[in-house]
Amino acid sequence: MLRPRIIPSLLVHKGGLIKTRGFKDPKYIGDPINAVRIFSEKEADELMVFDIDATINKSTPNFNLIKKLAAECRMPLCYGGGITSSDQASKIIDQGVEKIAISAAAIKNPSILSEIANSVGCQSVVAIIDLKKKKSIFGDKYEVYSHNGLVKHSIDPFELIKEFENAGAGEVVINFIDKDGLMEGYDIDMAINLKKRINVPLTILGGAGTLEHIAELIRNVGIIGVASGSLFVFKGKYRAVLINYPTREQKIKLCEKALEFYFSERQDYI
């Protein structure tokens, strides 16, 4: 049986790794190459690395960094940041990266997903959607943002997901801005809603502070990608920097128990 993927998410800012809260208050974590080396040693299922400066600065992907990351990576690597053309995507894939992540460029022009998919295959195209919850007396509403949460887009998240799917995205990553760095748990209700309405592999990012948060998400949503930043770079209540990842035995036990509960309790899984 397929198992959920447990995925560390790393943010590159000015050449170093940082971790944010609500996309603000960056804290320096360390060297990205060293972090990738450690996650490789710990046999992470997959790794996501995002250059959060590239789109803001309108710069091209850092191919020198990408080459170094790919050389150290012993698991599937997803890279995002500054990718705006199929030529750039192909060059990144040629360096050993498995997946290309697109956010702002795809919102502006969804056809870029089609172009990249035609070049490297749908399985290598990941659409990133950053969501922020807006509370009102009429119920919660989720708004789409890009550019590190600075630009709001007037489009329904589910309409955007469908547009991305039709354009050729092979996976969608939903990043919850309000949950980023808080380590208080995922937005379970929205994750369930998303899983029901999406037709490609789904990854949820934002909120994990413990392995139990990961198990809770899997118990409620099933086989998805479960991504986190803070959980895998901090340790303890004082958020000391320590790169960590569950052992193979911990991971198997966690996923099997969570999925057993999911399949026994939920009848809407497809």
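Criteria and cut-off values
Residues numbered from 1 in each chain as written. Predicted model: local features only at pLDDT ≥ 70, side-chain atom pairs only at ≥ 80, totals over all residues. Heavy atoms only, no water. Phe/Tyr/Trp six-rings, centres within 6.5 Å; stacked < 30°, edge-to-face > 60°. Helix = DSSP H or I, 4+ residues; strand = E, 2+ residues; numbered from the N terminus. Buried < 20%, exposed > 50% of the residue type's maximum accessible area, 1.4 Å probe, protein only. Lys NZ or Arg CZ within 6 Å of the ring centre and 35° of its normal. Arc of directions from axis to C-beta. Contact = heavy atoms within 4.5 Å. Axes fitted to C-alpha atoms, helices over the stretch in contact; angles between N-to-C directions. Parallel < 35°, antiparallel > 145°, perpendicular 65-115°, else oblique. Left-handed = near helix turned anticlockwise from the far one by under 90°. Nonpolar A, V, L, I, M, F, W, Y, C, P; charged D, E, K, R; others polar. Pairing = 2+ DSSP bridges. Salt bridge = Lys/Arg side-chain N within 4 Å of Asp/Glu carboxyl O. Polar contact = N/O pair within 3.5 Å; in protein donor to acceptor, adjacent residues only side chain to side chain.

S.K.: Which parts of the structure should I look at to understand the packing of aromatic side chains?
M.R.: Ring pairs (aromatic) are described by centroid distance and by the angle formed between their planes. In this structure the tally under the stated criterion is 3 aromatic pairs. Plain terms: the ring middles of Phe232 and Tyr245 are 5.4 Å apart, the flat faces sit at 45° to each other, and that makes the pair tilted. Of this pair, Phe232 sits in the loop between strand E12 (225-228) and strand E13 (234-235) while Tyr245 sits in the loop between strand E14 (240-241) and helix H10 (248-265), placing them 13 residues apart in sequence. For the residue pair Phe232 and Tyr245, the accessibility class agrees, reading buried in each case. With a centroid separation of 5.5 Å and an interplanar angle of 80°, the aromatic rings of Tyr262 and Phe263 are classed as edge-to-face. The positively charged end of Lys132 is found above the aromatic ring belonging to Tyr145, 4.6 Å away from the centroid.

S.K.: Before we go on, may I ask you to explain helix H6 (residues 111-120) in this structure?
M.R.: Each α-helix winds once per 3.6 residues, and so residues spaced three or four apart point in a common direction. Buried within H6 are the following residues: Ile112, Leu113, Ile116, Ala117 and Val120. Around the axis of H6, the buried residues are gathered within 135° of arc, so they sit on the same side. Residues of H6 that are buried make contact with helix H4 (86-94), strand E6 (99-102), helix H5 (104-108), strand E7 (125-134) and helix H7 (157-167). Positioned one or two residues after H6, Gly121 has a phi angle of 100°, which is positive.

S.K.: I keep staring at the packing of helix H1 (residues 32-41) against helix H3 (residues 63-72) and nothing clicks. Help me out?
M.R.: Viewed as axis vectors pointing N to C, H1 and H3 meet at an angle of 20°, and their least axial separation amounts to 9 Å. Judged on the interaxial angle alone, H3 and H1 are roughly parallel. Between H1 and H3 lies a crossing of right-handed hand. For the pair formed by H1 and H3, the contact residues are Pro32, Ile33, Val36, Arg37 and Ser40 on the first element and Leu65, Lys68, Leu69 and Glu72 on the second. Partitioning the contact of H1 with H3 into residue classes produces 5 nonpolar, 1 polar and 3 charged.

S.K.: For this particular structure, what's the right way to read the pairing of E7?
M.R.: One face of the sheet, then the other: side chains in a regular strand alternate in exactly this way. Counting buried positions along E7 gives 7 out of 10 residues, so the element sits mostly inside the fold. Judged from the 3 bridges that link them, E6 and E7 form a sheet pairing that is parallel. Bridge pairing in E7 places Ile102 opposite Ala127. In terms of strand pairing, E7 meets strand E8 (residues 141-146) through 5 bridges, oriented antiparallel. Note on E8: the bridge partner recorded for Lys133 is Tyr142. Linkage of E7 to E8, two consecutive antiparallel strands, is achieved through a turn of 6 residues, within which Gly139 is found at a positive phi near 110°.

S.K.: Would you explain the pattern of salt bridges in this entry?
M.R.: Oppositely charged side chains are able to pair whenever their charged atoms sit close together. Considering all chains together, one arrives at 16 salt bridges under this definition. Close ionic contact of Lys99 with Glu46 constitutes a salt bridge, the shortest N to O distance being 3.2 Å. With a gap of 53 residues between them, Lys99 in strand E6 and Glu46 in the loop between H1 and strand E4 (47-51) connect regions that are remote in the sequence. An identical accessibility class is assigned to Lys99 and Glu46; each is buried.

S.K.: Mind showing me how you'd approach the side chain of Thr20 here?
M.R.: Looking at where Thr20 falls in the secondary structure, it is placed in strand E2 (residues 16-21). Take Thr20: its relative accessible area is 5%, and that puts it in the buried class. A polar side-chain atom of Thr20 sits 2.6 Å from a polar atom in the side chain of Asp180. In this structure Thr20 touches Leu11, Asp25, Pro26, Asp180 and Gly181, once residues within four positions along its chain are discounted.

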